[in-house]
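Architecture at a glance
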Amino acid sequence: MMLNADRVYPVLLPLVSLTGVLLLWELCGRLGLINPLFFPVPSLIFLAFFGMLADGEIQTNLSITLFRVFVGFLIGTIPGITIGLLMGVSEKTRLFLDPIVAATYPIPKLAIFPLLMVIFGIGELSKIMAIAFGCFFITLINAMGGVRNINKVYFEVAKNYGASKTQLFTRVVLPASLPMIFTGIRIALGMSLIVVVGVEFVSANHGIGAMIWNAWQTFEIEKLYVGIFICAILGILFTLVLKKIEHRTIPWVGQLAHPGEE
Amino acid sequence: MKLACRHISKIFGEGEKATRAIDDISFETTEGEFLCILGPSGCGKSTLLKIIAGLLKPSSGEVCYSGNNHAGPMNSMVFQEHGVFPWMNVMDNVAFGLEMRGVPRKERYARSLDFLKRVGLSKHAWRNPHELSVGMRQRIAIARAFVNNPEILLMDEPFGSLDAQTRLILQAELLKIWSDHKKTVIFVTHDIDEAILLGDRVLVMTSVPGRIKDVLSVGIDRPRDIDLENTPEFLALKTKIWNSIRLEVERSMTGDHDDA
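1. Looking at the interface of chain A and chain B
The interface is formed by 23 residues belonging to chain A together with 32 residues belonging to chain B. Interface area for chain A against chain B, summed over the two sides, is near 2400 Å², with a carbon-plus-sulfur share of 61%. The three residues of chain A that bury the most area against chain B are Asn160(A), Tyr161(A) and Arg171(A), which together make up 32% of that side's buried surface. Across the chain A-chain B interface, the total number found is two salt bridges. Residue Lys50(B) pairs with Glu156(A) through a salt bridge whose shortest N-O separation is 3.2 Å. Listing elements by their share of the side of chain A that touches chain B, those giving two or more residues are helix H7 (152-160) and helix H8 (165-203) of chain A. The dominant element in the side of chain A that touches chain B, judged by the number of residues it contributes, is H7(A), at seven residues.

If you want it as structure tokens, here you go:
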């Protein structure tokens, strides 16, 4: 049976390159070309991974981290998008709030974490709030930009066809700014991962970040790699899921330039 | 429904940077007339149309609608391009004006479908605009304007971004729909052939600031089609308009404008 090369290559080639790198790594380790203290061979990492899976270490830490990420993401993103849209629509709101956003946005989210611990205690809330802050600003700025970048023609069409303020918002402003809102969400999810690992490094007993940190302190190098590996998988999964949602919600993005191409 | 523009001027900006886009434009349309506004690029034709649509306020002068009582909207505009919403399917785009006026879904879909059939898009009703060609998207915009049933249709170079063949087909379609409904149309274009083919009268504008240079009656019998372009009367009119507009085009290219 002949398989269509155009369809096989996109699956085959990445697989080949990935397994190639792993094999090369394994080989170099076995031959003593790289220091196993820093670069344990992949087979040992996989062994550690399955061991951690068997005693539930991964599941516990992963669920705690995911809980923090999602709650923090929601707490940050919902007001972020809402206020961003409002600032995009209303010039007065924008003029009023813009200086505050401009002053607070550039502060690295991890830098305010100690302050958050003072305010919200050293429990879950301070960690969740750190993630929320990271998501808040990035989604706010993108939602605002989304509204402000809407092609003027759409507003003219809406006005000419007699749209009320509510209709203008629900039928034009909101859908037209969705592409940039999604950009904000994508960056916010990436940011959540960075922040959650960061705060778990310094102030948590559980979670993927804590797991990596403990592995470093006890010098269990394989576990350290497992942690990094899980972070990578999370990042990829987030992106994939979001892409699926984007494809369904804003199917026109990136395709307007190529009409009739199917 | 008649429309009268009286001494309309528009100045953009203030003080030193102020530029006069259009200057003292006055004209009237008659009932059911197809009026083409022809001018070189940047002469303020779109500005004039937006003032008529109420999207821009004139710096001076006024736009008057007069005539029998009307229930529907005064005017509906067909925009140059990108006027079709990519987040709505074809049907919702066409029904947009009706939706804004609170027409129930069932009724607005039925009325929209009627016009979708006329522009040959009925089988694409539930697709999204990005899946269609540029020409089809302009058909959506035209159907949307007609189904809104306005007193006056305003068209801002609706075929400007189309290739020559698609443009011919859409011009013919537009003439056909228009002859069925006899709406007053104000059609902005920079294409002399298009202006003669479509218009009852052609209003020629100067380059910046846009003034009315000439008003010509086309006086060619309808129905018209593309073969018209080889007739002596068409060519005579084309020459006449070209002579009138040539200087303006040259001036707009060299940037040799009157002071504001």
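2. As for the sheet that holds strand E9 (residues 212-217) of chain B
Residues and elements named next belong to chain B. Strand order in the open sheet formed by six strands is E5-E6-E7-E3-E8-E9, and the pairing between neighbours is mixed. Only two strands of the sheet have a single partner each, and these edge strands are strand E5 (75-78) and E9. On average, adjacent strands in this sheet sit at an angle of 15° to one another, irrespective of strand direction. The pairing of strand E3 (residues 34-38) with strand E7 (residues 184-189) spans five bridges and is parallel. By the bridge assignment, Leu38 is partnered in E7 with Thr189. Against the sheet, helix H5 (residues 134-147) makes contact with E5 and strand E6 (152-156), and its axis sits at roughly 180° relative to E5, the strand it touches most.

3. Let's talk about the domain arrangement of chain B
Residues and elements named next belong to chain B. Along its sequence, chain B is organised into domain 1 (1-70 + 151-158 + 181-260) and domain 2 (75-150). For domain 1 versus domain 2, the separation of C-alpha centres amounts to 26 Å. In this complex, domain 1 contributes 17 residues to the contact, which on the side of domain 2 involves 13 residues. Note on domain 1 versus domain 2: buried area summed over both sides is about 1400 Å², and carbon and sulfur give 60% of it. The largest contributions to the domain 1 side of the interface with domain 2 come from Leu153, Pro158 and His181, which together make up 34% of the buried area. Put simply, domain 1 and domain 2 have 10 residue pairs in polar contact (both at pLDDT 80 or more) between them. Those elements giving two or more residues to the side of domain 1 that touches domain 2 turn out to be helix H1 (45-53) and E6. In the side of domain 1 that touches domain 2, the residues fall into 10 nonpolar, two polar and five charged.

4. A word on the pairing of strand E8 (residues 201-205) of chain B
A regular strand places its side chains on the two faces of the sheet in alternate fashion. Residues and elements named next belong to chain B. Counting buried positions along E8 yields four of five residues, so the element is predominantly enclosed. As judged from the four bridges shared by E3 and E8, these two strands associate in the parallel manner. Note that in E8 the partner of Ile37 across the bridge is Leu203. Here E8 pairs with E9 via five bridges, running antiparallel. If you follow Val202 over to E9, its bridge partner there is Leu216. Linking E8 to E9, which pair antiparallel, is a turn of six residues.

Reading the values: the criteria
- Residues numbered from 1 in each chain as written.
- Chains lettered and ligands numbered in written order.
- Predicted model: local features only at pLDDT ≥ 70, side-chain atom pairs only at ≥ 80, totals over all residues.
- Heavy atoms only, no water.
- Contact = heavy atoms within 4.5 Å.
- Buried area = accessible area lost by both parts, 1.4 Å probe.
- Salt bridge = Lys/Arg side-chain N within 4 Å of Asp/Glu carboxyl O.
- Helix = DSSP H or I, 4+ residues; strand = E, 2+ residues; numbered from the N terminus.
- Pairing = 2+ DSSP bridges.
- Axes fitted to C-alpha atoms, helices over the stretch in contact; angles between N-to-C directions.
- Domains from an automatic or database assignment.
- Polar contact = N/O pair within 3.5 Å; in protein donor to acceptor, adjacent residues only side chain to side chain.
- Nonpolar A, V, L, I, M, F, W, Y, C, P; charged D, E, K, R; others polar.
- Buried < 20%, exposed > 50% of the residue type's maximum accessible area, 1.4 Å probe, protein only.

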